[in-house]
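Residue-level structural notes
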Amino acid sequence: KLSSSTYKDIEDRHRKKNIEFETTNLAVSDLDNYHNALDKAVQSFHTLKIREINKIIGELWQLIYKGGDIDRIEIEAGADEANAGAKLSTRSYNYRVVMRKGD
């Protein structure tokens, strides 16, 4: 039975499959690291752009609005609570315009 075609070159086939398995695991790990780094970079970029937009809105608000009831307006972004448990790839945000007085 050990000399049948099923077991012929079994050690070599096992070694090749083991190498394939370990290589695949390393690739998955690398992709996970890349995904996490990219996600952090996108979040950081998003935060930076929201700050830039709010700065521009604030400057325009000061130039245009002459009333005393609102000091400034801003855009706030928050994670969508309905998708809080969702995968990172399905993340979404809710945006709202907020009026500020005396902060």
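Keep in mind it's a predicted model, so treat the numbers as computed, not measured.

1. Topic: the pattern of salt bridges
Going through the model one piece at a time under the given rule, you end up with 9 salt bridges. Asp12 serves as the salt-bridge partner of Lys16, at 3.4 Å between the closest nitrogen and oxygen. Of this pair, Lys16 and Asp12 both sit in helix 1 (residues 10-64), 4 residues apart, which is roughly one turn of that helix. The closest approach of N and O atoms between Asp71 and Lys101, which form a salt bridge, is 3.6 Å.

2. Overview of the confidence of the model for the protein
For the protein, the mean per-residue pLDDT works out to 88, and 87% of the residues sit at or above 70. Within the protein, strand 1 (residues 72-79) has the poorest average pLDDT of any element, 89, and helix 1 the best, 95.

3. Side note on the environment of Ile70
Looking at the secondary structure, you find Ile70 in the loop between helix 1 and strand 1. The residues contacting Ile70, other than those within four sequence positions of it, are Trp61, Tyr65, Met99, Arg100 and Lys101.

4. Considerations on unusual backbone geometry
Phi is positive for Asp9, close to 55 degrees, though the residue is something other than glycine. As for its placement among the helices and strands, Asp9 is situated in the segment before helix 1. By relative accessible area, which is 51% here, Asp9 ends up exposed.

Scoring rules and cut-offs
Residues numbered from 1 in each chain as written. Predicted model: local features only at pLDDT ≥ 70, side-chain atom pairs only at ≥ 80, totals over all residues. Heavy atoms only, no water. Salt bridge = Lys/Arg side-chain N within 4 Å of Asp/Glu carboxyl O. Helix = DSSP H or I, 4+ residues; strand = E, 2+ residues; numbered from the N terminus. pLDDT = per-residue confidence, 0-100. Contact = heavy atoms within 4.5 Å. Buried < 20%, exposed > 50% of the residue type's maximum accessible area, 1.4 Å probe, protein only.

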